[in-house]
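# Structural features, examined
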Amino acid sequence: MSIQRIGVGPRMSKAVVHGNTVYLAGQVCDKAAGKSVGEQTEEILSIIDGLLAEAGTDKSKLLMVNIWLSDISTFAEMNAVWDKWVVAGATPGRATVEAKLAAPQFTVEIAVIAAK
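Residues numbered from 1 in each chain as written. Predicted model: local features only at pLDDT ≥ 70, side-chain atom pairs only at ≥ 80, totals over all residues. Heavy atoms only, no water.

Under an unreviewed UniProt entry, the name given to the protein chain is RidA family protein, and the organism recorded is Bosea minatitlanensis.

Following this line, the structure appears as structure tokens:
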């Protein structure tokens with residue numbers, strides 16, 4: 001089976017497709033860096049939509065999602081955005097934890113695995 005890499009960088013690829021499975025690296029925001037958890041979540045989910053489309057799939061085929069929050073007290077704010085975005089009846093397995101992220105301006109990071 002071939003491996004397709006999307007957004008290849010020196011350290012990681014933004015997405016890797018192997019067979020009928022798409023693996024996205026942890027995504028953080030760009031324009032919303034330093035802004036609210038809700039704004040960062042909105043941008044990240046938009047980035048995820050774009051990467052999934054490039055890989056030939058969409059959010060209705062999510063299998064597993066990992067979400068890292070720099071402050072778990074923002075869980076409800078992140079979920080308010082998530083709940084509007086996720087496809088009803090096609091919700092993935094999901095874990096959300098508090099963790100120190102790579103840089104202080106990032107308060108949310110999201111990684112997904114999806115089927116094609």
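Let us look at the environment of Ala102. Secondary-structure assignment places Ala102 in the loop between β5 (93-98) and β6 (108-115). Given the relative accessible area of 81%, Ala102 is considered exposed. Sequence separation between Ala102 and Val28 is 74 residues, and the spatial gap between their C-alpha atoms is 9.7 Å. (Helix = DSSP H or I, 4+ residues; strand = E, 2+ residues; numbered from the N terminus. Buried < 20%, exposed > 50% of the residue type's maximum accessible area, 1.4 Å probe, protein only.)

Let's shift gears to the sheet that holds β6. Here six strands make up an open sheet; going across it, the order is β1-β2-β3-β6-β4-β5 and the pairing mixed. The outermost strands of the open sheet, each flanked by one partner alone, are β1 (3-8) and β5. Strand-to-strand, the axes of this sheet are offset by a mean angle of 10°, without reference to chain direction. Of the pairings in the sheet, the one linking strand β4 (residues 62-69) to β6 comprises seven bridges and is antiparallel in character. Bridge assignment links Leu62 to a residue of β6, and that residue is Ala114. Helix α1 (residues 37-54) rests against β1, β2 (13-18), β3 (21-24), β4 and β6 of the sheet, and its axis sits at about 25° to β6. Contacts from helix α2 (residues 75-85) reach β4 and β5 within the one sheet, and its direction differs from that of β4 by about 155°. (Pairing = 2+ DSSP bridges. Axes fitted to C-alpha atoms, helices over the stretch in contact; angles between N-to-C directions. Contact = heavy atoms within 4.5 Å.)

If you look at the biggest cluster of nonpolar residues, it comprises 30 residues, and the most contacted ones within it are Ile48, Trp82 and Ile110. Counting only elements with at least two residues in this core, the list comes to β2, β3, α1, β4, α2 and β6. In terms of residues, this core owes the most to one element, α1, which gives six residues. Sequence-distant contacts of Ile110, defined by excluding residues within four places in its chain, comprise Ala25, Gly26, Gln27, Thr41, Ile44, Leu45, Ile48, Val65, Asn66, Ile67 and Trp68. (Core = buried A, V, L, I, M, F, W, Y, C linked by side-chain atoms within 4.5 Å.)

In this structure the tally under the stated criterion is one salt bridge. We note a salt bridge from Asp58 to Lys61, for which the minimum N-O separation is 4.0 Å. Asp58 gets classed as partly exposed once you look at its relative accessible area, which sits at 33%. (Salt bridge = Lys/Arg side-chain N within 4 Å of Asp/Glu carboxyl O.)

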